[in-house]
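Here is how the chains run, residue by residue.
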Amino acid sequence: MITVIIATRLREERLDYLAAMHASLTRQTVPWEAVIALDGADPDRLPTPLAADERVRTLALPRPVGAACARNLALNQVRTPYTNWADDDDEFANDAMSARLSTLQVTGAGWCAGWSEDLHPDGTTTVWRCPTPPGRHEAGDVWTYWRAPADTIPIGPTTILARTELVRAAPMGGLAQGEDYMTALGITGLAPGMLLPQPVYRYRKHAGQMTAQRGYNHLEAAAREHAWQYGRALRSVLRRGEDLVRG
């Protein structure tokens, strides 16, 4: 029913995290498979539990192309009706797939998301409630909860489970960072969806995460500005099209 797309360079310090992500998938109660985009990495370095799992397929890219490109190329391999993006150092909550999938099947919405948790090095978690409130949201309305580019993003991109055709229509953006902001606004901008008031995803906090790296902030403002403008423009164009159809 669900494909989880994960891009990774199989860095030594992240292999245990990737194994933990896989372990969180094995605890899900609905059928899933994963496509691991190896961003220029040696397939032989894939942790044994993943290599032995028939539900896990790999896409070995011949050279590093970056997270956005690797994820989009892996999207070509999806063969299920629903898709979820994920990072190689995070985890899913045990009921993440079942809660969102059942909501999608009952409501017929295009996407379903939830809250996330920060997973700290000592194993404790802190819930992050995104600015978008729980409940149903019409296409384009999630963007309205992102008041300005510098503010907190309106929804967690990796908390979104969406219909695959919708993800194909709004894949990762062509940015060096913030590409996931683009897909989150694209998916929620093209179809109505639901936000559940429960954590479905755990963001691991550690020294090696991308947002903790030196120089990360150099492009963050520009990436946010681009994603914010994209969300505004998409909403405006689609609303104008609806007005023309009604006219």
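Residues numbered from 1 in each chain as written. Predicted model: local features only at pLDDT ≥ 70, side-chain atom pairs only at ≥ 80, totals over all residues. Heavy atoms only, no water.

Q: Describe the overall build of the chain, listing the residues and the values that go with them.
A: Looking only at helices and strands, one finds seven helices and 10 strands in the chain. In terms of overall size, the chain behaves like a compact globule, its C-alpha atoms giving a radius of gyration of 17 Å where 247 residues would be expected to give roughly 18 Å. Along the first, second and third principal axes, the C-alpha set of the chain runs to 60 × 40 × 35 Å. The buried share among the 247 residues of the chain stands at 51%. Within the chain, contacts between residues separated by at least 24 positions form 77% of all contacts whose residues are at least 6 apart in sequence. Total accessible area computed for the chain in this model is approximately 11300 Å², and 52% of it derives from carbon and sulfur atoms. The positive charge centre, built from 26 side chains, and the negative charge centre, built from 28, are 5 Å apart in the chain. (Helix = DSSP H or I, 4+ residues; strand = E, 2+ residues; numbered from the N terminus. Rg over C-alpha atoms; globule rule 2.2 N^0.38 Å. Buried < 20%, exposed > 50% of the residue type's maximum accessible area, 1.4 Å probe, protein only. Contact = heavy atoms within 4.5 Å. Areas by Shrake-Rupley, 256 points an atom, 1.4 Å probe, with all protein chains shown as cover. Lys, Arg positive; Asp, Glu negative; His and termini not counted. Charge placed at Lys NZ, Arg CZ, Asp CG, Glu CD.)

Q: I'd like a rundown of the pattern of salt bridges, residues and numbers included.
A: For the structure on display, the rule yields 16 salt bridges. Ionic pairing is found between R9 and D39, a salt bridge with its closest N-O pair at 2.9 Å. You can see R9 sitting in the loop between β1 (2-8) and α1 (15-26) and its partner D39 sitting in the loop between β2 (32-38) and α2 (48-51), a full 30 residues away along the chain. Salt-bridge contacts for R136 lead to E138; the nearest nitrogen and oxygen are separated by 2.8 Å. Look at the salt bridges and you will find they share partners, linking E91, E117, R202 and R204 into a network. (Salt bridge = Lys/Arg side-chain N within 4 Å of Asp/Glu carboxyl O.)

Q: Which residues make up the nonpolar core, and what values do they have?
A: In this structure, I2, V4, L25, I36 and F92 are the most contacted members of the largest nonpolar core, which totals 33 residues. Looking at this core, the elements that each hand over two or more residues are β1, α1, β2, β4 (82-87), α4 (96-107) and β10 (193-204). Here the element with the most residues in this core is α4; it accounts for five residues. When residues no more than four places from it in sequence are discounted, the contact partners of V4 are L25, E33, A34, V35, N84, A86, F92 and M97. Residues L59, C130, V142 and I155 belong to the second largest nonpolar core, which totals 28 residues. (Core = buried A, V, L, I, M, F, W, Y, C linked by side-chain atoms within 4.5 Å.)

Q: Hey, could you go over helix α3 (residues 67-75) for me, with residue numbers and the actual values?
A: At 3.6 residues per turn, the α-helix brings residues three or four places apart onto the same side. Among the residues of α3, those classed as buried are A68, A70, R71, A74 and L75. For α3, the buried positions fall inside an angular range of 170° around the axis, keeping them on one side. In this fold, the buried residues of α3 make contact with β1, β2, β3 (56-60), β4, α5 (164-169) and α6 (179-190). (Arc of directions from axis to C-beta.)

Q: Requested: an account of the environment of W146, with residues and values cited.
A: Relative to the elements of secondary structure, W146 occurs in the loop between β8 (135-137) and β9 (161-163). Each C-alpha atom of the pair W146 and R232 lies 9.8 Å from the other, and the pair is 86 residues apart in sequence. The residues touching W146, leaving out its near neighbours within four places in the chain, are D151, T152, I153, P154, Y181, L185, R224, A227 and W228. Polar contacts involving the side chain of W146 include one to the main-chain carbonyl oxygen of A148, which spans 3.1 Å. (Polar contact = N/O pair within 3.5 Å; in protein donor to acceptor, adjacent residues only side chain to side chain.)

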